[in-house]
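One-letter residues, chain by chain:
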Amino acid sequence: MNEYVLKLVRMLSPAMKDAGFQKKGQSWFRTSPETITVLNLQMSRGDGSYFVNLGVLVRQLDPQLTPHVSLCQVKHRIERLLPDRMEAIGLFDFANKKYRTDEGYSDAVAAICTYALPLLKQCETLDGLRAAILARPQLGFETSAAGLDFLGIDSEDLIKIAEKKLLNAAKT
């Protein structure tokens, strides 16, 4: 791990531990009876930025206890949860001058605690996972077909929900 990721891991670890996650490598896992929720830090190949990947594995579909986020039925990135996508991209960029001090790290940890952890908490149950997908259609678009089928969610319904949200947003 590079020095930036190491520092982020050090600053993020207490919050993750308080939320019931266990760390392995650059990932944290929380096991519940129905799902395993995952938060993973991934460095970008090209620049100094990194990704905060979120995953939910349905235990009835896969028995792994520490799955790689790419194997989860639901995958998402935190920047898609933040209200301002451009701000989110800068927030997770180690080239940002805020990372020369603790400010950048503190902002990143705050964003994870504010946006990622509540979603992962909701997804600890199948009912919560289903509700999260229906409330955020983009989350459903990043869910495997097997995951949607298991949860009883029709992809056509997700498209209709997304269209309705876009129409409502355009009216306001």
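Residues numbered from 1 in each chain as written. Predicted model: local features only at pLDDT ≥ 70, side-chain atom pairs only at ≥ 80, totals over all residues. Heavy atoms only, no water.

**Examining empty space enclosed by the protein**
All chains considered together, the criterion is met by one cavity of 30 Å³ or more. In this structure, the largest cavity occupies an estimated 40 Å³ of space. Considering the residues around the largest cavity, the lining is formed by Leu 54, Gly 55, Val 56, Val 74, Lys 75, His 76, Leu 119, Leu 120, Cys 123, Leu 129 and Leu 139. For the lining of the largest cavity, the secondary structure elements donating two or more residues are strand S4 (50-58), strand S5 (74-77) and helix H3 (102-122). Of the residues belonging to the lining of the largest cavity, the class tally is eight nonpolar, two polar and one charged. (1 Å grid on protein atoms, 1.4 Å probe; cavity = no way out; pocket = protein on both sides within 12 Å on 5 of 7 lines; lining within 4 Å. Points joined across faces, edges and corners; volume = space filled by probe spheres on them. Helix = DSSP H or I, 4+ residues; strand = E, 2+ residues; numbered from the N terminus. Nonpolar A, V, L, I, M, F, W, Y, C, P; charged D, E, K, R; others polar.)

**Some details on H3**
The end-to-end C-alpha separation of H3 is 29 Å, in line with the 30 Å expected for 21 residues at 1.5 Å each. Its maximal kink placed at Ala 116, H3 deviates by approximately 35°, while the proline Pro 118 follows within four residues. (Expected span 1.5 Å × (residues − 1). Bend = angle between axes of the 7 residues up to and from the residue.)

**Remarks on the sheet that holds strand S2 (residues 27-31)**
Ordered in space as S1-S2-S3-S4-S5, the five strands form an open sheet in which the pairing is antiparallel. Two strands bound the open sheet, and with one partner strand each, they are strand S1 (22-24) and S5. Sheet twist, expressed as the average angle between the axes of neighbouring strands with direction ignored, equals 20°. Running over the sheet, helix H4 (residues 126-135) touches strand S3 (35-43), S4 and S5 and is turned about 130° from S4. (Pairing = 2+ DSSP bridges. Axes fitted to C-alpha atoms, helices over the stretch in contact; angles between N-to-C directions. Contact = heavy atoms within 4.5 Å.)

**Notes on the side chain of Asp 62**
On the secondary structure map, Asp 62 appears in the loop between S4 and S5. Reaching out from Asp 62, the side chain makes a polar contact with the backbone nitrogen of Gln 64 at a distance of 3.1 Å. Excluding residues within four positions of it along the chain, Asp 62 makes contact with Leu 57 and Gln 73. (Polar contact = N/O pair within 3.5 Å; in protein donor to acceptor, adjacent residues only side chain to side chain.)

**Thoughts on the environment of Gln 42**
Take Gln 42: it is sitting in strand S3. Given a relative accessible area of 32%, Gln 42 falls into the partly exposed group. Once you skip the residues sitting within four places of it in the chain, Gln 42 turns out to touch Gln 26, Tyr 50, Phe 51, Asn 53 and Arg 77. At 2.8 Å, the side chain of Gln 42 and the side chain of Asn 53 are in polar contact. (Buried < 20%, exposed > 50% of the residue type's maximum accessible area, 1.4 Å probe, protein only.)

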